[in-house]
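# A closer look at the structure
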Amino acid sequence: MSNFDTIQRRDSEYVAHTYGRFPVAITSGRNAVCFDADGRRYIDMTSGIGVNSLGFCDEGWIKAVTEQLGKLQHISNLYYTEPCGKLAELLCKRTGMKKVFFANSGAEANEGAIKAARKYSFMKYGEGRSKILTLKNSFHGRTVTTLSATGQDVFHNYFFPFTEGFDFVEAGSIAELTAKSEGVCAVMMELIQGEGGVLPVDREFVLEAEKFCRENDILLIIDEVQTGVGRTGSLYCFEQYGIRPDLVTSAKGIGGGLPLAAVLFGEKVENVFSPGDHATTFGGNPIACSGAVEIINRLDEGFLAEVVKKGEYIRERVLKMPHVSGIAGMGLMLGIELADGIKSADVVKAGIANGALLLTAKAKVRLLPPLTITYAELDEALAALEKSLESF
Ligand SMILES: *Cc1c(COP(=O)(O)O)cnc(C)c1O
C-alpha cells in the first residue's frame, strides 16, 4: 500500500465527508513547490485557495511565528497582547480605515461586518432598517447568515430557516440596487467574485453604488476575503476601484496559512461596537497576528508591482495556449475561460497528473499562486498547464 492509500483510508473512515478531495496528500513544501506522500513534486497555483500569501514555509514568516510561539501562544481578549495591536495599526495606516476587529475565518469576518451594519442603523434609525443587499452570484461564507447573504440559489437549501433580511441585486444594475433600497442598511459585495467564477464587478457600477450608499447613509461593505492582502496587486482591491468602503472584510491570505480574519471599520462605524457587542475566543491570536505583521510589512510597493507583473506574464502566456478563449481577473487572481466544451474540473485533474495544482471557479480554471512565486516556478506551472490543455 502506498503512503497515500494509508492516509486516504483513515481519512475516509473518520473525517466527515464534506469535501470532494483529489487523490493526493500534500506533505511538505517550499515557496510554490510542494511534495505529496509518495514523493511526487507539484507547482502550487492555489496557495490553498489564496491563503499561503508567501508560499509554503517562508523563512521570515516562520521566524515571526516561531518567535511568538516561544513566548505566548494565547491569552484571552480580556488582556492586551502586542501583536494584535501592531497588526491593527499597520492595517489602519496602510488602508486609511480606523479600527480593526480580528476573527478567524472569512464567514466570521462577514458576520462581524453584518452585525456592525445592523447596529449602526438600529442606533440611528431604530428597528426595520436592517436589510442588506448583496450581489447575485456572490459568495460570502458557510454560516447560516453568510449563506443567506450569498446570492446563489444552490446555497439556499436544507438548512432552513435561513437568516432574514437579505436581497440580491444583479452585478452592474444600479437600477435594481436603488429599486430594492427600501429598509436597507448596507450593501455588501466582492469586487471580483471569486467562487462565482473570477468575475470583476464593473467599475462604474461600483462607483455609482458607493455614491448611492453615501447619499442614503447606507453602509458599503466590501468582502475582500479572497481579493485582499496583495492578491490583486494592491494591498486591498478597493484601492484600485478608488472607493472608500465603510467596512472591509479580510481573511484567507492575511494569516499566510494560520486562521486569521479581520473586519476593518471606516470612520462612520469605528465606534459602533461597545464592549460585549461582539467577541470571539481566538480572535487576534498573537501567533497568527505576528505572522500577519510580517506579511503586511513584506507587501511594499515593489512587491505589489511584482504581483501585477507576474499576473501580466501569466495572462500573456495563457492566452496563447490551446482551448483558451480568455482570461479574467486582476494581479494573481485569474480565471481562465475554456473553449471547446472542456470542463474546468478535468483540466485540474490533468494538472495534477502533469505536476501543477490548479483550482476551478465554476467553468473557469482559477489561478491563485503564492504572491512570492518565482518566474522559474511560474514557467514550470505554465508548462504543466499547457501540457494539460494539449491533452484534450
Ligand atoms: C472564501 C470566502 C469566504 C469565506 O471564508 P471562510 O474563511 O471559508 O469562512 C467569504 N467571502 C469570500 C469572497 C471568499 O472567497
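Bear in mind the structure is a predicted one, so any value in this text is a computation, not a measurement.

### Examining the overall build of the chain
- In terms of helices and strands, the chain carries 13 helices and 17 strands.
- By the compact-globule yardstick of 21 Å for 392 residues, the chain fits well, its C-alpha radius of gyration being 21 Å.
- Across the chain, every contact between residues at least 6 apart in sequence was considered, and the portion connecting residues at least 24 apart equals 71%.
- Element-wise, carbon and sulfur atoms account for 54% of the exposed surface of the chain, whose accessible area totals about 17700 Å².
- In the chain, 41 positive and 49 negative side-chain charges are present, and the distance between their average locations comes to 2 Å.

### Structural notes on the side chain of T249
- Position of T249 among the secondary structure elements: in strand β11 (residues 247–250).
- Relative accessible area serves as the criterion here: at 0%, T249 is assigned to the buried category.
- When neighbours within four sequence positions are excluded, T249 is seen to be in contact with A109, N110, A113, I222, D223, E224, V225 and A262.

### Topic: the packing of helix α12 (residues 344–353) against helix α13 (residues 375–390)
- Between α12 and α13, the least distance of the axes is 9 Å, while the angle of their chain directions is 125°. It follows from the interaxial angle that α12 and α13 lie oblique. Note on packing geometry: the crossing formed by α12 with α13 is right-handed. Contacts from V347, A350 and G351 in α12 reach L385, S388 and L389 in α13.
- For the contact of α12 with α13, the residue count by class is four nonpolar, two polar and no charged.

### A closer look at the sheet that holds strand β4 (residues 99–103)
- Within the open sheet, the seven strands sit side by side as β4-β12-β11-β10-β7-β5-β6. Their pairing is mixed. The sheet is open, and its two edges are formed by β4 and β6 (166–169), each paired on a single side. Neighbour to neighbour, the strand axes of the sheet diverge by 20° on average, direction disregarded.
- Relative to strand β10 (residues 219–223), strand β7 (residues 184–189) runs parallel, the two being bridged by four bridges.

### Quick word on the site of the ligand
- In the vicinity of the ligand, the contacting residues are S105, G106, A107, N110, F139, H140, G141, E190, D223, V225, Q226 and K252.
- In the environment of the ligand, an oxygen atom lies 2.8 Å from a nitrogen or oxygen atom belonging to the backbone of A107.
- Note that an oxygen atom of the ligand is positioned 2.6 Å from one of the side-chain N or O atoms of K252.
- Coverage of the ligand by the protein chains reaches 81% of its 390 Å² of free accessible surface.

### Concerning the pattern of salt bridges
- Counted according to the given criterion, the structure contains 19 salt bridges.
- A salt bridge links R298 to E294; the nearest nitrogen and oxygen atoms lie 2.8 Å apart. A residue pair is termed a helical-turn pair when its members lie 3 or 4 positions apart in one helix, as R298 and E294 do in helix α10 (residues 286–298) at four residues.
- A single salt-bridge network, built from bridges that share partners, covers K136, D167, E176 and K180.

The rules we used
Residues numbered from 1 in each chain as written. Predicted model: local features only at pLDDT ≥ 70, side-chain atom pairs only at ≥ 80, totals over all residues. Heavy atoms only, no water. Helix = DSSP H or I, 4+ residues; strand = E, 2+ residues; numbered from the N terminus. Rg over C-alpha atoms; globule rule 2.2 N^0.38 Å. Contact = heavy atoms within 4.5 Å. Areas by Shrake-Rupley, 256 points an atom, 1.4 Å probe, with all protein chains shown as cover. Lys, Arg positive; Asp, Glu negative; His and termini not counted. Charge placed at Lys NZ, Arg CZ, Asp CG, Glu CD. Buried < 20%, exposed > 50% of the residue type's maximum accessible area, 1.4 Å probe, protein only. Axes fitted to C-alpha atoms, helices over the stretch in contact; angles between N-to-C directions. Parallel < 35°, antiparallel > 145°, perpendicular 65-115°, else oblique. Left-handed = near helix turned anticlockwise from the far one by under 90°. Nonpolar A, V, L, I, M, F, W, Y, C, P; charged D, E, K, R; others polar. Pairing = 2+ DSSP bridges. Near = heavy atom within 4 Å. Polar contact = N/O pair within 3.5 Å; in protein donor to acceptor, adjacent residues only side chain to side chain. Salt bridge = Lys/Arg side-chain N within 4 Å of Asp/Glu carboxyl O.

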